[in-house]
Structure formats: C-alpha cells, structure tokens
Amino acid sequence: MPDLSIDFAGIKSPNPFWLASAPPTNSGYQVMKAYDAGWGGAVWKTLGMPTINVSSRYAATNYRDTRISGFSNIELISDRPLEDNLREMREVTKRFPNHATIASLMVDTREQWIDIIKMVEDAGANGIELNFGCPHGMCERGMGSAVGQDPKALKTIVEWVMDAASIPVITKLSPNISHITDPGIAAVEAKTDAISLINTIKSIVGIDLDSYAPYPVVDGKGTNGGYCGPAVKPIAMHMLKELKKHPLIKDTPISGIGGIENWRDVVEYILLGATSVQVCTAAMHYGFGIVRGMEDGLKRFMSEKGYNTIYDFAGKALPNVMEWKDLNLKYDVKANINSDKCIGCDLCYIACDDGAHQAIALPTDGSRIPSIIEENCVGCNLCSLVCPVEECITMVQKDDGTKHNTWQQLTDSEEIPCTWNDDRAGGKGHYVPEPIKALESVRKDRSGARAK
Amino acid sequence: MAEYNRPQSEAEFNENFKDKTPLMNDTQAHYESSRCLFCYDAPCMNACPTAIDIPLFIKKINTGNIDGAAQTIYDSNWIGNACGTVCPTGVLCEGACVYNKQSVPAVQIGKLQNFATRHVIDNNKKLFEAGKDNGKKIAIIGGGPAGISCACELRKMGYTADIFEAKDKPSGLTVYGIAPYKITNEEVLDEVKYLQEQLGFNIKYNSPISSKDQLEQIEKDYDAVFIGVGLGPTAFRNIPGEDKSGIIGAVEFVEDLRMNHHKTNVGKEVIILGGGNTAMDAASESARMGATKVILAYRGSKEKMGAYDFEYELAISSGIKSVFDANPKEFLGEDSVEGVKFSRADGSEFTINCDMVIKATGQAKMGSFFKLIDNMETDESSRIKVNKKNNQTSNPKYFAGGDAINGGAEVVNAAYDGKLAALGIHKWLNE
C-alpha cells in the first residue's frame, strides 16, 4: 500500500493534496470540512491588509458544453477580521494537528510582516505561504503580483520573513513575468524553505456583447482578473519545469498549482518535480469530494508502477524535458488510420488539407475512410488530435531507431542549413500542391440546397 | 390490449396522441449541439434530400445564433420546421450521423432543427424578403409542401405566386395526412403563415382545378404552372364486399382524424390492410383512439413491408398485433363489415372478425387530371414525367413535384421538388 504522506520542507501532511489559498479556505468551517473529506492540507485564504470586496467576483470561459475550462476572479484577500480567522485557525490546528494548515499572508511593511507571522504561529499554523501573486486589486496597492514581478522587492520581503518566522516558509510566485526563474532565484537567495506556483494569470475572460463590459461585470465595468483552472495547467507545468531544471532552484521543494483536478494532473505535476499540489478551481466547481478520486487514482498509479512514496517518482519526467535543439531530427513517425475504428467524419482529412501538410486522401469508393499519403506525412500529430475516436489514428515510428542527430550536433559539426534556399533545410523537396490546385479541386457545395 | 381508452374529449385526444419527444429546451439544445463533430462534407447533409448544411446550423445553435441557424435551414428547405418533425430522420440525416458507426447515439438533428425553426416562427423573426416584382405570374396547383416550397422560392425571385388549393387549409398531407402524434395542425399552419407573411404568396382556398376550361384560363393568365397535386383518394381494390360500410381508406381516415380529433368514428375491432408507413400510422392511430383490437394485416412477409422499422415498432408499441402472409379475399358481413377473409400463399384461408377495415393499400393516381393537359407525359404508374434537373414536364410551361411525380414519398422530397421547380421556372422564363 503506497504511503501518500509527505514532508514538504518540514511541513508534514498525510497526503500531497492541499487546498490552495482561495475562497475554499476562507473559513475554519470550510477547512475542517475539507480535512474531513480527505484533503491533507489547506493554505488559508490570504490574511493581511484589510480589504473590501466587490459584488460579482468570478467569471469563466466555457468550451462548448464544458463549464469552466478556465476561471477568473477579481476577489481580493480575506476581507474577514483577522481575529476571526486566527481563532478559527487555532480551532482547526488543534482538531487536526497532523494536517498541513498553512497561513497565506500578504502585508506591506516589515513591521506588519513580523506582527502577522507571530500571530499565525500562535494560531498553530504549520507553515506560511507568501502571496506575491494576486494580479488584481492588491497589486495596485503595491502588494501581490507587484512583488512577484519585482525580484528585488521579493527578495527583500522574503529575507524579512525568514528572519521573523520559526515555521517553514513557502514563497508563492506570480506567473505574470517573462522569466519565472528570476523571482525563483530571488526567493532561493533569500533562503525561502519552499516555493509554490503558479498564482493566477492576468486576464480578461470575456466581454459582454450587449454592455461591452469585461466579465465579471461590476456595475457596467470590469477589470482584469486572475485566470486559473484547467486552461492554465500547461502554463503552470512549464513554469514548474523551468524552476526544477534550474541549478540554483531545483533542490527547493515546490508545491504545484494550476488546473489540477484529478489524479492524472497530480501525477504529471509530481513527475515534473512538485512534491505537494494545491487545488482551488476544481474544489470550487465540484466541492471537496473530488479528492477521493485523486487519492484513489494516485494510489493505483503508484501501486502499478511499484512506488512506495511520491518521492520515488517525483521529477522523473524532468530528464526528458529537453531544449528543442537536443531533439532527435532522425526520429520519424507517420500517421496510421485504423479503418475498423474510423467513423468517416473526415475531420482528419480537412484538418490536414487546410491546416497541415496535405497528407490525407479521401477515398473514391464512398467509404469515407481516408488514407495517409505517407510521403507527404511529416508526423505532426494533427490528425490524431482531431480524430474523435479512441485509438483510431495512431502515430507509428518509421525509422529504425538507430540514427540520431540534433540541431546542436549539426551546429557543432557546422552542418546546419545557413542560406535562404539551403538544400539542407527540412522542407526542401517536400511535396506541396501547386497553389492553383486549391481552386481547381472539386469543391463540395456546402452552401445548402443542391437545387442552387 | 387497452393501452389507450377511447378519447372522449379534446384533452383526452391530445393525451393519447401527444408527441413522445417534445421540443428541446435551451439546455438540451446546447448540450446536443455541442456533440456535433462538424464532419467534413458531412454525411447527414448528404443524406438530406434538401441538402441542409446541418453542421453549420448546429454550430450556429451552439454559439447562440439561433436566427442564423433557422436561416441556414430555410435557405435549403422552405418546410424546415415540419420536416424537422415529420422527416424519417433515423433513415436520413440521423441515420447517416457518423456517431452510429461507434454505437454512440446520433446527434438529434431533427430536434435541433425544430429548436431553431420554432424559435423564429414563435418569435416571428423576419428572415426573408420577397424579391422586386418582376411582372411575371406563376400558378401553383396544389398547396401542399411542394407547392408552398415552390411559391416561397418564386416570391424570393420576384414572381407573383398564386396557389390554387382544393381544400380549406394549406400544406396538403402535412396537415391532412400525417399522424397527429407527429405534428399538430397548428404547428403546420403556423409555419405556412410565417412564410406567407414574409414572402406574400397567395393561396386561393377551396379552389380545385379539375377541368380543361380552368387549365386553359390558367395558361392564359400565368407565365408558367407548377403542379403539386399529390395523389388521389385511396384506390379501390376490387375485393368482394369492398363497398360495405365500415371499410374506409387510410388517407380518408387520417384526414378525418386530423380534422375531427376525438369525434372521429373508430371501430372496436379494426383491421388495417397494408404494410407501408401509412398502414403503420393508421394502426397506431386506431389504437390511440381506443380500439380494443387492432390487427395489421399484410399480404407479404414482415421483411417485405415498405414501412420503416421504426414506424412498425411505433405501431407495435401502441399495442397493435400484426398478421403476415394475409391476402384479403373477401369482406364479410351484411351491410356493414363484420370480418375479412384472408388467403395465405399456400392457398389456405382464415377469417378475422372486425367492425372496421382501414385500407392502407395505396392512393389512386391523378392520371385523368394529367390527361387534361396537352402533351403531359406520365409513366406507367400515372406519375408525371419530369426532367430531374429542373422538374419541367413534357409540356414546357408546366413543372411538377411531390407525390404527383414520385408516387408518394416524404414531405422533404416535396419541399426539394418545389424549390427545384421554382429555380427551373426562373431559368426557363429567362432563357
């Protein structure tokens, strides 16, 4: 039986599933309910400078019938009195001493940092998370992402905190920056115990087509929100990788955040080096119960692979994440259509013909089962991505696996193409139809009545 | 069997005949439209006799452009709402949906189509405009789906379109001949009204055209003529005893039912003769009218029946029984029918008692009417011969469509024919 427990920079937790600092951790009631449901930890909704919140706070991007593929909020840090939060935190940590109850903090001056750290330590917090991420509201007051985007300021504040804190400190980074390693290095240099990322991404999720106001609409107006949920997971995982591959940062424990909703997401984050994960949007969408599927899925994955703890596989994908120049140019895959599974939607045909390399042919026998023109196929994957049938289009390796050459190797041996029409360039000799063929080809009348 | 009690009131009739699949609500339409894969050169579209760009209108529904969806439907099919409801979608668009290939339920195209068309009809959204008057007049004989479709298309191009309709309602069999649980009179008439208000074609009701004189006058007054007269009454089978009371044709029965609802006279024990879709309708309807025994008798085997499988299943699900290899030889009884004597292929005979017989054995053709028109060629089944490219008849001034040329098909085929003929008329007059 795999052991899911973790020791994250000194913060112990029965499992790596934590609630992120957000509306689901706004009160002791919610945190206790979450622990009871199976969550191993919770980062309390950020405590700090007093705030007032607006009404109408969240908005979402929907994709077809999928609700909340992305989520945006313009809510600020906790607007509840500090003493209420601390009282409830004390109650929670007393009742659940083995869970990871972490206080997220955002204040302004050094004195305020010192004061509030003392207060949450007294309330029994197991760790502190520094909120340098909120990209709306608080940043206009010089906090949140205003700090996350300024590595110097971030370093200074982390140093203040490290001086004052006696419990582990996690520095939470903002993704609203070109090089995530800049604040990452600053945090490590200031001796943070751990890092968490990402906070939300500055965004406008939509515009109301009648009032022309951005969502969420507040009295006819709006502002940029912080974007999160499933849509941001790829961005977050890239940033996690950036930190975990960086020599100065890679040994610092990282709590992964961004679009995590199920066990697969958790495994991916761990494979990229995260050793705890934080969830917000999925809990806001489905409630705390989703943790049961996450726990079961993670355990089964670990049992199948023979892992006892998450540390057995944490970071296992990192060696496989290369720079582009180190990828094997000799690797050759081509699409293969399983005609038994094909339903004849021909989406692969039109995707390839309009959007890729004209490497799929329609049949002439009326079967609607297309075929791959192997000499044109560059192995781009597009057809396999648009195919709506499970395992119908697969990418099959055609090279024998013995050849290996990379851009870097070509560069080193001075064999890279270097003139405009260099014979060594990749597309040389690759088939493309003559432009005029586009107008000659038999076009199906998609305009409606055949009677026209 | 007693699945249905005899309806004593309009409310009870409506309960017995209610649509099993009512109009989609916004949520259903949103989820269902999300399922469309937007196939390339979509099979559903190719399976539609009017070639509606189905993936496009579904995409429009899914993106909240319901008016645009309806426009796409009507651009191809002027009878878009009725077709969404009465089309045998399971063998047309939905039958062609690629999801079927992986045993995933097909997209409910017919329902989505109605979602869009009912939206514009119920909210009286103006989507069409008559073309600038070009001074030319076209006569349309028969106000069924072919005639209405022809009139709409002609009006768009600026022709005056006058429909001569024998009855007092438009839409032909869509109103008079389709099972009431498939579409209500109101729904059919609403669509015609919606189209007529925007396009302004004229319908002259109670104006049957049946004489040479009338035709000559029409030829004088109009630049071209479209014939969409459909078929005649149920054909006489020349079976002994066929003139007894209690023996009625299916078309006449359905018309009676559509017009008189619960007041329609239906026997206790009803035999339906025939194996086509009309027979299935008549059987279902007799059951829903509270007949205690309904027997569908077909002379061939079950496999040979012309009816769609789903129509047969619908009839069976309403509680009817069926007998195959049953060729009617004689209608028994004194003045009114008391039973039917059948023979089997092996020559043996049997009798089934009843107090009503509905003959769904085919409608008479309008051959004698067609003979009134000069040079009007018909085929061996008295169907008007037309050029498939423009629906022009052998008399160039006449165009034709619907059951009059195909011997009895779907509303959607008539809708296509009418449009094709209108375009053919336009081309012919401008040559």
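Rules used throughout
- Residues numbered from 1 in each chain as written.
- Chains lettered and ligands numbered in written order.
- Predicted model: local features only at pLDDT ≥ 70, side-chain atom pairs only at ≥ 80, totals over all residues.
- Heavy atoms only, no water.
- Helix = DSSP H or I, 4+ residues; strand = E, 2+ residues; numbered from the N terminus.
- Rg over C-alpha atoms; globule rule 2.2 N^0.38 Å.
- Buried < 20%, exposed > 50% of the residue type's maximum accessible area, 1.4 Å probe, protein only.
- Contact = heavy atoms within 4.5 Å.
- Lys, Arg positive; Asp, Glu negative; His and termini not counted.
- Charge placed at Lys NZ, Arg CZ, Asp CG, Glu CD.
- Areas by Shrake-Rupley, 256 points an atom, 1.4 Å probe, with all protein chains shown as cover.
- Pairing = 2+ DSSP bridges.
- Axes fitted to C-alpha atoms, helices over the stretch in contact; angles between N-to-C directions.
- Core = buried A, V, L, I, M, F, W, Y, C linked by side-chain atoms within 4.5 Å.
- Buried area = accessible area lost by both parts, 1.4 Å probe.
- Salt bridge = Lys/Arg side-chain N within 4 Å of Asp/Glu carboxyl O.
- Nonpolar A, V, L, I, M, F, W, Y, C, P; charged D, E, K, R; others polar.
- 1 Å grid on protein atoms, 1.4 Å probe; cavity = no way out; pocket = protein on both sides within 12 Å on 5 of 7 lines; lining within 4 Å.
- Points joined across faces, edges and corners; volume = space filled by probe spheres on them.
- Domains from an automatic or database assignment.
- Polar contact = N/O pair within 3.5 Å; in protein donor to acceptor, adjacent residues only side chain to side chain.

So, on to the overall build of chain B. Summing up its helical and strand segments, chain B has 18 helices and 13 strands in all. For chain B, whose C-alpha radius of gyration is 22 Å, the value lies close to the compact-globule estimate of 22 Å for 431 residues. Its C-alpha atoms put chain B at 65 × 55 × 40 Å along the principal axes. For chain B, the proportion of its 431 residues judged to be buried stands at 55%. Counting only contacts in chain B whose residues sit at least 6 apart along the sequence, the fraction spanning at least 24 positions is 70%. Each charge class in chain B can be summarised by its mean position, and for the 47 positive and 57 negative side chains these summaries are 3 Å apart.

To continue, consider the overall build of chain A. If you tally the helices and strands in chain A, you get 14 helices and 18 strands. Viewed in the frame of its principal axes, chain A has a C-alpha envelope of about 75 × 60 × 50 Å. Taking all 452 residues of chain A together, the buried fraction comes to 49%. Taking the intrachain contacts of chain A between residues at least 6 apart in sequence as the baseline, contacts between residues at least 24 apart amount to 70%. Just so you have it, chain A exposes about 22200 Å², and 51% of that area is on carbon and sulfur atoms. Distance between charge centres in chain A, computed from 46 positive and 57 negative side chains, equals 3 Å.

With that settled, consider the sheet that holds strand E11 (residues 201-203) of chain A. Residue and element names in this part refer to chain A. Reading across the sheet, the four strands line up as E5-E6-E12-E11 and stay open at both edges, with antiparallel pairing between neighbours. Each end of this open sheet is capped by a strand with a single partner; those strands are strand E5 (58-63) and E11. Neighbour to neighbour, the strand axes of the sheet diverge by 45° on average, direction disregarded. Where E5 and strand E6 (residues 66-73) come together, five bridges link them in antiparallel fashion. Paired with Ala 60 across the bridge in E6 is Phe 71.

With that settled, consider the nonpolar core. Nonpolar side chains tend to gather and get buried jointly when the protein is soluble and globular. In terms of nonpolar packing, the biggest core is built from 94 residues, with Trp 39 and Leu 298 of chain A touching the most fellow members. With near-sequence residues (within four places) excluded, Trp 39 of chain A lies in contact with Asn 15, Phe 17, Trp 18, Leu 19, Ala 34, His 99, Val 279, Phe 288, Ile 290, Val 291 and Met 294 of chain A. One finds Ile 360 of chain A together with Cys 48, Ile 79 and Cys 150 of chain B within the second-largest nonpolar core, a separate group that totals 93 residues.

The next point concerns the sheet that holds strand E4 (residues 224-227) of chain B. All names here are of chain B. An order of E3-E2-E1-E4-E13 is seen for the five strands of this open sheet, with the pairing classed as parallel. Each end of this open sheet is capped by a strand with a single partner; those strands are strand E3 (202-204) and strand E13 (398-400). With direction set aside, neighbouring strand axes in the sheet form an average angle of 25°. Here strand E1 (residues 137-141) pairs with strand E2 (residues 160-164) via five bridges, running parallel. Note on E2: the bridge partner recorded for Ile 141 is Phe 164. Contacts from helix H18 (residues 411-429) reach E1, E4 and E13 within the one sheet, and its direction differs from that of E4 by about 165°.

What follows deals with the interface of chain A and chain B. Taken together, the contacts link 23 residues of chain A with 30 residues of chain B. Interface area for chain A against chain B, summed over the two sides, is near 2400 Å², with a carbon-plus-sulfur share of 53%. Taken together, the connections running from chain A to chain B amount to zero salt bridges. Looking at the side of chain A that touches chain B residue by residue, the classes come out as ten nonpolar, two polar and eleven charged.

Residue and element names in this part refer to chain B. By the element assignment, Glu 285 lies in helix H14 (residues 277-288). No salt bridge is formed by the buried Glu 285. Its closest oppositely charged neighbour is Arg 258, at 6.8 Å. When near neighbours in sequence (up to four residues on either side) are disregarded, Glu 285 contacts Phe 17, Ile 178, Ala 179, Pro 180, Tyr 181, Phe 253, Val 254 and Leu 257.

On to the pairing of strand E9 (residues 327-332) of chain B. As defined by bridge partners, E9 of chain B adjoins strand E10 (residues 339-343) of chain B across five bridges and the pair is classed as antiparallel. Among the inter-strand pairings, Pro 328 of chain B is bridged to a residue of E10 of chain B, identified as Phe 342 of chain B.

This next bit is on unusual backbone geometry. Excluding glycine, most residues fall at negative phi; most peptide bonds, likewise, are trans. Along the chain, Leu 197 of chain A connects to Ile 198 of chain A via a cis peptide bond; the corresponding omega equals 10°. Take Ile 198 of chain A: it is sitting in the loop between strand E10 (194-197) and E11. With a phi angle near 55°, Asn 375 of chain B is a residue other than glycine that sits in the positive phi range. Mapping Asn 375 of chain B onto the fold places it in the loop between helix H16 (367-370) and E13. A residue is classified by how much of its surface remains accessible, and Asn 375 of chain B, at 62% relative accessible area, is exposed. Of note in the backbone geometry, Ser 382 of chain B takes a positive phi value of approximately 60° without being a glycine.

This part is about empty space enclosed by the protein. Residues and elements named next belong to chain A. For the coordinates displayed, the defined rule picks out seven cavities of 30 Å³ or more. Looking at the largest cavity, its volume works out to about 420 Å³. If you trace the largest cavity, you find 34 residues lining it, with Ser 21, Ala 22, Asn 73, Thr 200 and Cys 280 closest to the centre. Counting only elements with at least two residues in the lining of the largest cavity, the list comes to strand E4 (41-48), E6, strand E8 (127-131), strand E14 (276-279) and helix H9 (281-286). For the lining of the largest cavity, the element with the highest residue contribution is H9, accounting for three residues. Residue composition of the lining of the largest cavity, by class: 16 nonpolar, 13 polar and five charged.

Our focus in this paragraph is the domain arrangement of chain B. Residue and element names in this part refer to chain B. Looking at the assigned domains, one finds that chain B contains domain 1 (20-122), domain 2 (137-231 + 365-429) and domain 3 (247-359). Relative to domain 3, the C-alpha centre of domain 2 lies at a distance of 31 Å. Counting every contact that joins domain 2 to domain 3 gives three salt bridges. Counting every contact that joins domain 2 to domain 3 gives ten residue pairs in polar contact (both at pLDDT 80 or more).

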